[in-house]
Amino acid sequence: MKTLALRIYLTVVTVLLVFALVLGWLAQRNLEHERTQVQSVTAWNERAAAWAELIENSLPPASEPRQEQARVFLDWADRLRMPMALDDARGQRIATSELMDERLRRWPDLRIQMQQSRLSDGRTLWVMRPGTMRLRMANGPPAPGPGGPAFGSPPRAQPWLSPLAWMMPPWLAEGVPALALTLVLLFVAVAIGAWPVVIRLTRRLTALRQGVELFGSGQLQHRVAVEGADEVAAVARSFNEAAQRIEDLVTSSRSLLANASHELRSPLARLKMAVSLMAEASPERAAHIRSEIHQDIKELDALVEEVLLASRLDARSEVERAPVDLLGLATEEANRVGAEVSVGDDFPLRPYTGDDRLLRRAVRNLLENARRYGGPEVELALTTSPGALEMAVLDRGPGVPVAQRERIFEPFYRLPGHAEHAGGVGLGLSLVSQIAHRHGGQVRCEAREGGGSRFVLSLPTA
């Protein structure tokens with residue numbers, strides 16, 4: 001699943017669906033039970049009314065002696081094998097069948113569960129349903145009041161919680177309390193079942209939070225696991241990229257600060273010594289010392305400028321792009337050092353999209369590096385290659401050993417012996433490499449035919 005929002009939405013919908021299905025099943029079960037009970041009571045009432053009409057038509061009139069009424073009534077009760085009783089219009093008992101007598105002696109509480117049918121002449125017929133004893137034994141003492149189990153009323157445990165009726169108080173297993181308890185239990189079950197799903201969905205968020213806290217505590221090398229393809233995975237991936245970027249920046253800044261501090265010591269030491277010697281030096285010697293002081297200050301200024309530029313490049317991954325005239329830029333910088341410029345026939349004259357200030361600095365560093373280490377014969381060639389524009393600076397110096405051609409682009413790295421006779425702090429080529437990468441290109445060092453070196457700044461045309 002691609003999005004966390006969709007997973008949470010489907011989880012909630014599934015939980016609600018399960019809740020609705022279970023609740024609907026319980027409601028349907030209860031309705032069917034109630035309908036069966038109502039049908040049973042209705043059928044029994046109809047039968048009881050039919051028996052009452054039959055017995056009324058078979059009994060002597062109410063004006064006949066009570067003994068005669070009792071004899072005929074008991075004869076019908078014996079023939080129907082039904083527990084019955086007959087009262088007169090004043091409510092006085094006329095006769096009670098032996099079956100009714102026996103049951104009322106054994107279970108007096110059944111007296112309140114007998115069904116009465118009033119005859120047209122005022123007499124009352126009491127009948128006990130044949131199934132009353134089974135309900136009486138299955139459900140315990142009957143509840144008082146008409147409409148109890150004897151005549152089709154539901155059993156004491158309502159169908160909502162009938163499987164659990166044996167382990168809870170009777171008042172809690174029937175009616176509204178049973179319905180409320182059922183809903184509570186169903187809610188608790190759904191809540192417990194949904195908890196592992198929610199924990200699984202938020203586990204990666206918890207891991208991401210812990211990773212951010214560890215990174216914030218100073219463990220810059222810490223990364224979080226990227227799982228899945230949803231929003232959480234995208235956030236984890238972005239965090240790892242940002243963490244790597246921050247770690248690289250901190251590491252680069254520390255290295256830059258340490259190396260810059262080391263490089264600042266030499267010119268500062270020379271300045272300190274020159275100042276101390278000027279007080280006792282002759283005019284000619286003092287003039288020479290002043291020239292050295294100016295040279296050291298120039299070196300310090302160049303070092304600070306390159307350190308600041310390196311810091312700005314480390315702090316941002318994108319450059320400000322605008323149309324740049326590469327041919328005009330190359331010509332201006334070549335004139336500064338007296339280098340020749342050659343332009344290939346296929347080199348485009350249209351503007352290139354990039355940062356004019358950075359590209360100018362890259363070309364200037366390559367030319368000054370060639371002038372410093374490669375002698376006076378320096379050439380700047382503008383050519384093309386598949387998918388790229390190339391600006392190559394060629395010299396006739398001693399060249400760069402193959403093993404050193406990658407290392408010379410590292411910050412503050414200088415070839416052995418070069419610092420003693422040519423100066424420099426080792427940041428020029430490193431800046432060229434950073435500028436090339438910020439433009440999506442690269443810089444490389446090659447051997448030049450006939451001796452010397454060839455530094456190629458390659459910029460993509462797209």
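In this text the structure is predicted, and so the values were computed from the model without any measurement.

Remarks on the overall build of the protein chain
Phase 1: For the protein chain, the helix and strand inventory stands at 11 helices and 11 strands.
Phase 2: The buried share among the 462 residues of the protein chain stands at 39%.
Phase 3: Considering only residue pairs separated by 6 or more positions, the protein chain has 64% of its internal contacts joining residues 24 or more positions apart.
Phase 4: Accessible area of the protein chain: about 26400 Å², with a carbon and sulfur share of 59%.

Points about the sheet that holds strand β11 (residues 453-460)
Phase 1: Ordered in space as β6-β8-β9-β11-β10, the 5 strands form an open sheet in which the pairing is mixed. Of all strands in the sheet, those bounded by a partner on one side alone are β6 (340-343) and β10 (442-447). Ignoring strand direction, the axes of neighbouring strands in this sheet form an average angle of 20 degrees.
Phase 2: As paired elements, β10 and β11 share 6 bridges and run antiparallel to each other. The partner of Arg 444 across the bridge, within β11, is Val 456.
Phase 3: Across the face of the sheet, helix α11 (residues 428-438) comes into contact with β10 and β11 while running at roughly 130 degrees to β10.

Observations concerning the pattern of salt bridges
Phase 1: In this structure the tally under the stated criterion is 20 salt bridges.
Phase 2: In this structure, Glu 227 and Arg 203 form a salt bridge, with 3.6 Å as the shortest nitrogen-oxygen distance. Here Glu 227, found in the loop between α5 (175-216) and α6 (231-278), pairs with Arg 203, found in helix α5; they are 24 residues apart in sequence, far enough to count as distant.
Phase 3: Among the residues examined, Glu 227 registers a relative accessible area of 34% and is labelled partly exposed.
Phase 4: Residue class for Arg 203 comes out partly exposed when judged on its relative accessible area of 45%.
Phase 5: A salt bridge links Glu 333 to Arg 360; the nearest nitrogen and oxygen atoms lie 3.2 Å apart.

Details of the packing of helix α9 (residues 356-374) against α11
Phase 1: Where α9 meets α11, the closest approach of the two axes is 9 Å, and the angle between their N-to-C directions is 145 degrees. In terms of crossing hand, the pair formed by α9 and α11 is left-handed. Here α9 contributes Leu 358, Leu 359, Arg 361, Ala 362, Asn 365, Leu 366 and Asn 369 to the contact with α11, which in turn contributes Gly 428, Leu 429, Leu 431, Val 432 and Ile 435.
Phase 2: The residue makeup of the contact of α9 with α11, split by class, is 8 nonpolar, 3 polar and 1 charged.

A look at the packing of aromatic side chains
Phase 1: Evaluated as defined, the whole model comprises 2 aromatic pairs.
Phase 2: Each ring, one from Phe 409 and one from Phe 455, has its centre 6.3 Å from the other, and the planes form 75 degrees; the classification is edge-to-face. On the criterion of sequence distance, the pair formed by Phe 409 in the loop between β9 (388-394) and α10 (418-422) and Phe 455 in strand β11 is long-range, its members being 46 residues apart. Phe 455 matches Phe 409 in its accessibility class, with the two residues each being buried.

Side note on empty space enclosed by the protein
Phase 1: Summed over the entire model, instances satisfying the criterion amount to 1 cavity of 30 Å³ or more.
Phase 2: Forming the boundary of the largest cavity are Val 324, Asp 325, Leu 326, Leu 327, Phe 347, Pro 348, Leu 349, Arg 350, Pro 351, Tyr 352 and Leu 389.
Phase 3: Considering only residue class, the lining of the largest cavity consists of 9 nonpolar, no polar and 2 charged.

Considering the packing of helix α8 (residues 326-337) against α9
Phase 1: Orientation of α8 relative to α9, taken along the N-to-C sense of each, is 35 degrees, at an axis distance of 10 Å. Crossing handedness for the pair α8 and α9: right-handed. In contact with Leu 326, Leu 329, Glu 332, Glu 333, Ala 334, Arg 336 and Val 337 of α8, α9 contributes Asp 356, Leu 359, Arg 360, Val 363, Arg 364, Leu 367, Glu 368 and Arg 371.
Phase 2: In terms of residue class, the contact of α8 with α9 is made up of 7 nonpolar, no polar and 8 charged.

Comments concerning the nonpolar core
Phase 1: Ranked by internal contacts, the top residues of the largest apolar core, which has 41 residues, are Leu 326, Leu 359, Leu 367, Leu 380, Met 391, Ile 408 and Phe 455.
Phase 2: Ignoring any residue separated from it by four or fewer positions in sequence, one finds Leu 359 in contact with Val 324, Leu 326, Leu 329, Tyr 352, Gly 354, Ile 435, His 439 and Leu 459.
Phase 3: Counting 16 residues, the second largest nonpolar core, distinct from the first, contains Met 84, Leu 86, Ala 95 and Val 127.

Topic: the confidence of the model for the protein chain
Phase 1: Across the protein chain, pLDDT averages 78, with 81% of residues at or above 70.
Phase 2: Counting interchain partners and residues more than four positions distant, the pLDDT-below-50 stretch residues 133-158 has 58 contacts.

A look at the side chain of Arg 360
Phase 1: Positionally, Arg 360 belongs in helix α9.
Phase 2: The residues touching Arg 360, leaving out its near neighbours within four places in the chain, are Leu 329, Glu 332 and Glu 333.

A short note on α8
Phase 1: End to end, α8 covers 17 Å across 12 residues, agreeing with the expected 16 Å (1.5 Å per residue, within 8%).
Phase 2: Within α8 the residues assigned to the buried category are Leu 326, Leu 329, Ala 330, Glu 333, Ala 334 and Val 337. With its buried residues spanning 125 degrees around the axis, α8 presents them on a single face.
Phase 3: By the N-cap criterion, in which a side-chain oxygen at the helix start approaches the backbone nitrogen of a residue two or three places on, α8 is capped by Asp 325, the distance to Leu 327 being 3.3 Å.

Scoring rules and cut-offs
Residues numbered from 1 in each chain as written. Predicted model: local features only at pLDDT ≥ 70, side-chain atom pairs only at ≥ 80, totals over all residues. Heavy atoms only, no water. Helix = DSSP H or I, 4+ residues; strand = E, 2+ residues; numbered from the N terminus. Buried < 20%, exposed > 50% of the residue type's maximum accessible area, 1.4 Å probe, protein only. Contact = heavy atoms within 4.5 Å. Areas by Shrake-Rupley, 256 points an atom, 1.4 Å probe, with all protein chains shown as cover. Pairing = 2+ DSSP bridges. Axes fitted to C-alpha atoms, helices over the stretch in contact; angles between N-to-C directions. Salt bridge = Lys/Arg side-chain N within 4 Å of Asp/Glu carboxyl O. Left-handed = near helix turned anticlockwise from the far one by under 90°. Nonpolar A, V, L, I, M, F, W, Y, C, P; charged D, E, K, R; others polar. Phe/Tyr/Trp six-rings, centres within 6.5 Å; stacked < 30°, edge-to-face > 60°. 1 Å grid on protein atoms, 1.4 Å probe; cavity = no way out; pocket = protein on both sides within 12 Å on 5 of 7 lines; lining within 4 Å. Points joined across faces, edges and corners; volume = space filled by probe spheres on them. Core = buried A, V, L, I, M, F, W, Y, C linked by side-chain atoms within 4.5 Å. pLDDT = per-residue confidence, 0-100. Expected span 1.5 Å × (residues − 1). Arc of directions from axis to C-beta. Polar contact = N/O pair within 3.5 Å; in protein donor to acceptor, adjacent residues only side chain to side chain.

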